[in-house]
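A closer look at the structure
Listed below, chain by chain, are the residues.
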Amino acid sequence: MTKHVYPPQRQARRNRAWLVAVLAALVWIAVLSLSLFAQTTQKTGAEFLNIPVGARPVGMGGAYTALANDISSLHWNPAGLALMNRPEIGAMYSQWLLDSQYNFLGFGYPTKTGTFAGSISVLSQGESQARGQNRERTGSIKAQDQALSLGYGRRIGSIKAGLNTKLIQSEIAGYRANTVAFDFGFIVPLRTNPISLGLALQNVGPGIRFIEQRDPLPLSLSGGLSYRLPVGIALALDVKQHLYSHKTNVNIGTEYQALPVLSLRGGYIAALGQQVPLASDSGLDGISGGVGFRLMGAQIDYAFKPLGCWGIRIG
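Everything numeric in this text was worked out from a predicted model, so none of it was measured.

**Observations concerning the nonpolar core**
Judged by nonpolar contacts, the single largest core of 24 residues is most densely connected at Ala 46, Phe 48, Leu 49, Tyr 102, Ile 168, Leu 217 and Cys 309. Contributing elements (two or more residues each) for this core: α2 (55-59), β2 (101-111), β3 (114-131) and β6 (175-189). Residue contacts for Tyr 102: discarding those within four places in its chain leaves Phe 48, Ile 51, Pro 52, Val 53, Met 92, Tyr 93, Ser 94, Ser 121, Val 122 and Leu 123. Ranked by size, the runner-up nonpolar core spans eight residues in total, among them Ala 63, Tyr 64, Leu 67 and Ala 68.

The following block contains the structure:
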């Protein structure tokens, strides 16, 4: 029996790739272990960082950690930036709660050394009335949250790795708070391709402080699996643990490339030990869906969950 011997350079790349995979798994296990041993549930600040980005992943129920491959990877898993093969501009508009609006604009540029990307996301909550001690109107209160992201993703052998840096600002009633956070991610193809494993650690930072109160950022850890069938169907499964609030989401999603210009998507979010956000009496809590059209070099997507959002990607 002949033993296959790899060339030295190829063997070195393989060794580096598996080293990165092992380190990623160890970090994931360590962070998860710390969360399991934590004794108290903490309130977190800058909750707008949990708002999903991109009509495509929203339509798939947020199961995107292992499938990320476009500009919305900045939000889900920065390792997905390494899979971009052309420059891309992406934007999203979403009508959120209480007449608030969430908007995202991003740009990614692949190079020989990796993909560089940047984005800005803004949650505008408009103005609300301010009242005095006797309930008299004293003016208006404006609230707005925004995050500026700078990300980088590259291939290390067969593994994709990424880093995202976020500058975060929250404003309410004239008070401002600023902080910084980091995201780390990996996408690892398994030996049984076309299956991929995705890992993402998000919102690692010192917390955010308003006046005298400091709250931790919504630190989360996501693990995902994706499977691409040769008939144009992609299946995805994510498990996301919110480490301070001790909430766990299980996300299931699918995408079907019905035609070269048409994609159909569906997903479901199961929130373990809690009610699904935006729950209603419709019986459709947790269900999402979407459709995508490819027209003249632009990808136009729409998703509902249960509020709708529009997205466009050009590249």
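**Things to note about the environment of Tyr 93**
By the secondary structure assignment, Tyr 93 is in strand β1 (residues 88-95). Once the C-alpha coordinates of Tyr 93 and Ala 55 are considered, the two residues, 38 residues apart in sequence, prove to be 8.8 Å apart. Setting aside residues up to four positions removed in sequence, Tyr 93 forms contacts with Gln 101, Tyr 102, Asn 103, Cys 309 and Trp 310. Side chain to side chain, Tyr 93 and Gln 95 meet in a polar contact 2.7 Å long.

**A few points about a nonpolar patch on the surface**
Judged by side-chain polarity, Ile 89, Leu 105, Phe 107, Tyr 109, Ile 120, Leu 148, Leu 167, Ile 312 and Ile 314 come together as a nonpolar surface patch covering roughly 790 Å² of accessible area. Looking at the nonpolar patch element by element, the count peaks at three residues for β2. Its location among the elements puts Phe 107 in strand β2. Take Phe 107: its relative accessible area is 40%, and that puts it in the partly exposed class.

**Considerations on the pattern of salt bridges**
Taken as a whole and judged by the stated rule, the model has eight salt bridges. For Arg 56, the salt bridge is made with Glu 255, and the minimal N-O distance between the two is 2.8 Å. With a gap of 199 residues between them, Arg 56 in helix α2 and Glu 255 in strand β12 (residues 247-259) connect regions that are remote in the sequence. We classify Arg 56 as buried; its relative accessible area is 7%.

**Examining the environment of Asn 164**
Within the fold, Asn 164 resides in strand β5 (residues 159-172). Classification of Asn 164 by relative accessible area gives buried; the value is 0%. If we skip the residues at most four places from it in the chain, Asn 164 touches Leu 74, Pro 78, Ser 149, Leu 150, Gly 151, Ala 181, Phe 182 and Asp 183. Within the structure, Asn 164 has its side chain in polar contact with the backbone oxygen of Leu 74 (distance 3.0 Å).

**Brief notes about unusual backbone geometry**
Although it is not a glycine, Ala 46 adopts a positive phi angle of roughly 50 degrees. Residue Ala 46 is classed as buried on the basis of its relative accessible area, which comes to 11%. Here His 246, not a glycine, exhibits a phi torsion of approximately 60 degrees, which is positive. Take His 246: it is sitting in the loop between β11 (233-242) and β12. Residue His 246 is classed as partly exposed on the basis of its relative accessible area of 27%.

**Quick look at the side chain of Arg 265**
Position of Arg 265 among the secondary structure elements: in strand β13 (residues 262-272). Given the relative accessible area of 8%, Arg 265 is considered buried. Within the local environment of Arg 265, its side chain forms a polar contact with the side chain of Glu 255, the two groups lying 2.6 Å apart. When neighbours within four sequence positions are excluded, Arg 265 is seen to be in contact with Arg 56, Gly 59, Met 60, Thr 254, Glu 255, Gly 289, Gly 290, Val 291, Gly 292, Gln 299 and Asp 301.

**Brief notes about the environment of Leu 163**
Mapped onto the elements, Leu 163 comes out in strand β5. For Leu 163, a relative accessible area of 37% puts it in the partly exposed group. The contacts of Leu 163, once residues within four sequence positions are left out, are Pro 78, Leu 150, Gly 151, Tyr 152, Phe 182, Asp 183 and Phe 184.

**Observations concerning the packing of aromatic side chains**
Going through the model one piece at a time under the given rule, you end up with four aromatic pairs. Their ring planes at 75 degrees and their centres at 6.2 Å tell us that Tyr 64 and Trp 76 sit as a pair that is edge-to-face. With Tyr 64 in the loop between α2 and α3 (73-76) and Trp 76 in helix α3, the pair connects residues that are twelve residues apart, well separated along the chain.

**Re the pairing of strand β15 (residues 298-304)**
As judged from the seven bridges shared by strand β14 (residues 287-295) and β15, these two strands associate in the antiparallel manner. Across the sheet, residue Gly 292 finds its bridge partner in β15, namely Asp 301. Alignment of β15 against strand β16 (residues 308-314), held across seven bridges, turns out to be antiparallel. Bridging from a neighbouring strand, Phe 304 pairs with Gly 308 of β16.

About the thresholds
Residues numbered from 1 in each chain as written. Predicted model: local features only at pLDDT ≥ 70, side-chain atom pairs only at ≥ 80, totals over all residues. Heavy atoms only, no water. Core = buried A, V, L, I, M, F, W, Y, C linked by side-chain atoms within 4.5 Å. Buried < 20%, exposed > 50% of the residue type's maximum accessible area, 1.4 Å probe, protein only. Helix = DSSP H or I, 4+ residues; strand = E, 2+ residues; numbered from the N terminus. Contact = heavy atoms within 4.5 Å. Polar contact = N/O pair within 3.5 Å; in protein donor to acceptor, adjacent residues only side chain to side chain. Patch = residues over 30% accessible without salt bridge, like charges linked within 9 Å, V, L, I, M, F, W, Y side chains within 5 Å. Areas by Shrake-Rupley, 256 points an atom, 1.4 Å probe, with all protein chains shown as cover. Salt bridge = Lys/Arg side-chain N within 4 Å of Asp/Glu carboxyl O. Phe/Tyr/Trp six-rings, centres within 6.5 Å; stacked < 30°, edge-to-face > 60°. Pairing = 2+ DSSP bridges.

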